[in-house]
Amino acid sequence: MAADLSGGGRGGLVCTETEAAPMKAVAIWHTLPQKQARVVLLCGAGYLVVAGVFLRHYLLWDSQWLLGLALLPLVALPSPRRTVSPLLLALAFLLLLLAGLYQITTLFYLGFLVAAWCGLQGTIGFTGVYPFLLLGIVSPVFSYMAQVWSFPVRLQLTKAAVGLLNWVYPAVEVAGNLILLNGKEFSVDPACAGLNMLSFSLMLAVFLMAHLHRSTRKPWPLPAIGLLLLLMLVLNVASNLLRILLLVLFQIGPANWMHDGLGILCLVLYAVVPFYFLAKHWSRRLSKLASWQEHGRAFSWKKPLLLNSVLLVSLVGAGLQVLQKKAPAKPAPIPMAGFEQEKLKDGIVKLTRDNGLVYLKPLQGFYSAEHNPMICWEGSGFQFQNITEETVGDTRVYTGTLQKQKEQLYTAWWMDNGHHQTIAQTDWRWRMFKGEPPFHLVNVTAATEAELQELVREMLRQPTVTRTQSLPWVSCFRATFLKTAQKQKLCPGF
């Protein structure tokens, strides 16, 4: 290793491409002027306090989050300048403003990431885009989106696997996320090691991009970073398809240790390794070299301290608004004959009777996460099995079985706003974005399959909420965005 530590501690550092990232971070820290080090420690403590106070219930302290924190010093790269992009600074304030107005914790988390990125960049110039990407991948919102959006992917993977297996076993059948072969069932569940490692594979992609950036000193353009992440996503899905085929061909059940081992092996061989060599080949075609030479500017503590102070005050203000979040007013459920009604937290309504259980779960907006049954029921100790799409009357619904030791229940769910029923994420989100009445999730559960079908038909025959007007803020947004002549009528407060 070679490093020029000249410059009286004012940043005369040259990092060779063979140095390890943690050693670089330590070397750069030792070259910081005393005032700069104090500003870094003070502001860093401020961001940690903000995260501890306002995000303590939001962050998931699981293995993925801890791994993401461990990888942060390995993906942070030095920058030749301690300047902050005005666009990123504006984005941070915009996210915090929206988070405070609509009291959305996810927007506050994103605003926190951008604000911390700007603060560190303006203080020590040692961040880069990779830490931001990494913390976004290990965030709770990404974990939730991966769980929800992976469900239709699993169904399509199952159908694709059966289509390929038909060339070898014509008798193979598909039932939702189940593959039936010679009396044996093979389930493509969310707990499988393959699909469950999506965030892990994307973390590896970010790490490898940062490694290639550091070793070649050729920065990735932002479009290239997006394309590489998309490439890893495609490779991950392809590796899962191969894994399903191998599990069925060799009839490896969930109890076999190779069930998870094969998932990890397929991920490495068919996703990580091809990604690395493709990214390495692409990096050779990049011509621009990244300069990591700090110009001998004396550190001025006033501007970084002022910048971080403004960011921290904005974070505290937005965080206080988010903490005061109240459940939005929702349409009151219509009393249903034979059901006992109970109002739960966050506007959820529980309807019970002898042969069934119904949950009505409201949605705050098109941007919000719904109370997905696959997550909620698993939190109660149940495991989802035999998940599939069915048509009841003219409506498509999801159905599945819930297993908890010897107890088995049958469940179905869909989205409903009193006018329209759907199971497509894009459908109900787009309708709410356009200003249609808010949707809620209907989750029906019964002890037998026959009782479930009867209860689903009964729920679909009658509206489960009163039909209301569009959300006011949506109408205002549309009026402002479209500049219609009715703007003053729709938004009298503007």
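Data block above holds the structure.
Keep in mind the model is a prediction, meaning the values are calculated, not measured. (Residues numbered from 1 in each chain as written. Predicted model: local features only at pLDDT ≥ 70, side-chain atom pairs only at ≥ 80, totals over all residues. Heavy atoms only, no water.)

A. Geometry of the pattern of salt bridges. Under the counting rule described, the total for this entry stands at 4 salt bridges. We note a salt bridge from Arg-396 to Glu-389, for which the minimum N-O separation is 3.0 Å. Judged by its relative accessible area of 37%, Arg-396 is partly exposed. Given the relative accessible area of 32%, Glu-389 is considered partly exposed. In this structure, Arg-431 and Asp-427 form a salt bridge, with 2.8 Å as the shortest nitrogen-oxygen distance. Placement of the pair is Arg-431 and Asp-427 together in helix H13 (residues 425-434), with a separation of 4 residues, close to one helical turn. Each of the salt bridges in this network shares a partner with another, and the network as a whole consists of Asp-427, Arg-431 and Glu-436. (Salt bridge = Lys/Arg side-chain N within 4 Å of Asp/Glu carboxyl O. Buried < 20%, exposed > 50% of the residue type's maximum accessible area, 1.4 Å probe, protein only. Helix = DSSP H or I, 4+ residues; strand = E, 2+ residues; numbered from the N terminus.)

B. Up close: the packing of aromatic side chains. Following the criterion strictly, the structure yields 6 aromatic pairs and no others. Look at Phe-54 and Phe-108: their rings are 5.9 Å apart centre to centre, the planes differ by 70 degrees, and that puts the pair in the edge-to-face class. Taken as a pair, Phe-54 in helix H2 (residues 34-54) and Phe-108 in helix H5 (residues 105-123) lie far apart in primary sequence, 54 residues in all. The same class applies to Phe-54 and to Phe-108, which are both buried. (Phe/Tyr/Trp six-rings, centres within 6.5 Å; stacked < 30°, edge-to-face > 60°.)

C. Quick look at the environment of Met-209. Residue placement: Met-209 occurs in helix H8 (residues 198-216). Residues Met-209 and Ser-283, 74 residues apart in the sequence, show an inter-C-alpha distance of 9.1 Å. Excluding anything up to four places from it in sequence, Met-209 contacts Tyr-130, Trp-220, Ile-225, Leu-228, Leu-229 and Phe-275. (Contact = heavy atoms within 4.5 Å.)

D. Region of the structure containing the environment of Pro-274. You can see Pro-274 is positioned in helix H10 (residues 258-283). For Pro-274, a relative accessible area of 25% corresponds to the partly exposed category. Considered as a pair, Pro-274 and Leu-231 are 43 residues apart in the sequence and their alpha carbons are 9.9 Å apart. Setting aside residues up to four positions removed in sequence, Pro-274 forms contacts with Leu-235, Val-268 and Leu-269.

E. Representation of the nonpolar core in the model. The biggest cluster of nonpolar side chains holds 63 residues, and the ones touching the most others in it are Phe-108, Tyr-130, Met-209, Trp-220, Phe-275 and Leu-315. Here the element with the most residues in this core is H5; it accounts for 10 residues. Beyond its immediate stretch of four places on either side in the chain, Leu-315 contacts Tyr-47, Val-50, Phe-54, Leu-96, Phe-108, Gly-111, Phe-112 and Ala-115. Leu-155, Tyr-410, Val-444 and Leu-455 belong to the second-largest nonpolar core, a separate cluster that totals 37 residues. (Core = buried A, V, L, I, M, F, W, Y, C linked by side-chain atoms within 4.5 Å.)

F. Molecular detail of a nonpolar patch on the surface. Taken together, the side chains of Leu-242, Ile-264, Leu-265, Val-268, Leu-269, Tyr-270, Val-273 and Phe-277 present a nonpolar region at the surface, about 680 Å² in accessible area. With 7 residues, the top contributor of residues to the nonpolar patch is H10. With respect to the secondary-structure elements, Leu-242 resides in helix H9 (residues 222-249). (Patch = residues over 30% accessible without salt bridge, like charges linked within 9 Å, V, L, I, M, F, W, Y side chains within 5 Å. Areas by Shrake-Rupley, 256 points an atom, 1.4 Å probe, with all protein chains shown as cover.)

G. How the structure looks around the packing of H9 against H10. Look at H9 against H10: their axes get within 9 Å of each other, and the N-to-C directions meet at 150 degrees. The angle between the axes of H9 and H10 places the two elements in the roughly antiparallel class. In this structure, H9 meets H10 at a crossing whose hand is right-handed. When the residues that make up the contact of H9 with H10 are grouped by side-chain class, the tally is 20 nonpolar, 4 polar and 1 charged. (Axes fitted to C-alpha atoms, helices over the stretch in contact; angles between N-to-C directions. Parallel < 35°, antiparallel > 145°, perpendicular 65-115°, else oblique. Left-handed = near helix turned anticlockwise from the far one by under 90°. Nonpolar A, V, L, I, M, F, W, Y, C, P; charged D, E, K, R; others polar.)

H. Local environment of helix H4 (residues 86-102). The end-to-end C-alpha distance of H4 is 24 Å, a good match for the 24 Å that 17 residues give at a rise of 1.5 Å each. Three or more residues of H4 are buried, namely Ala-92, Leu-95, Leu-96, Ala-99 and Gly-100. In a view along the axis of H4, the buried residues occupy a sector of 130 degrees, so they form one face of it. Exposed residues pointing more than 90 degrees away from the buried face of H4 are listed as Pro-86, Leu-87, Leu-97 and Leu-101. (Expected span 1.5 Å × (residues − 1). Arc of directions from axis to C-beta.)

I. Geometry of the pairing of strand S8 (residues 395-404). The buried fraction of S8 is high, at 8 of 10 residues. In the sheet, strand S7 (residues 383-392) pairs with S8 via 8 bridges, with the strands oriented antiparallel. Pairing of Glu-390 across the sheet is with Val-397, part of S8. The hairpin turn running from S7 into S8, its antiparallel successor, is 2 residues long, and Gly-393 in that turn takes a positive phi close to 70 degrees. As paired strands, S8 and strand S9 (residues 407-416) are joined by 7 bridges and run antiparallel to one another. (Pairing = 2+ DSSP bridges.)

J. Here's a closer look at the pairing of strand S4 (residues 340-343). Summarising the sheet, S4 and strand S5 (residues 349-353) pair through 4 bridges and their orientation is antiparallel. The residue of S5 that forms the bridge with Lys-343 is Val-349. With antiparallel pairing between neighbouring strands as the criterion, S4 and S5 make up a hairpin whose turn holds 5 residues, including Asp-346 at a positive phi of roughly 60 degrees.

K. Fine view of the side chain of Thr-411. Examined against the element boundaries, Thr-411 turns out to sit in strand S9. Within the local environment of Thr-411, its side chain forms a polar contact with the side chain of Asn-443, the two groups lying 2.8 Å apart. A polar atom in the side chain of Thr-411 sits 3.1 Å from the side chain of Thr-445. Once residues lying within four places of it in the same chain are set aside, the contact partners of Thr-411 are Trp-377, Phe-384, Tyr-398, Thr-399, Gly-400, Leu-402, Asn-443, Val-444, Thr-445 and Leu-452. (Polar contact = N/O pair within 3.5 Å; in protein donor to acceptor, adjacent residues only side chain to side chain.)

It is worth stressing that arrangement in space is one thing and function is another; only the former is reported here.
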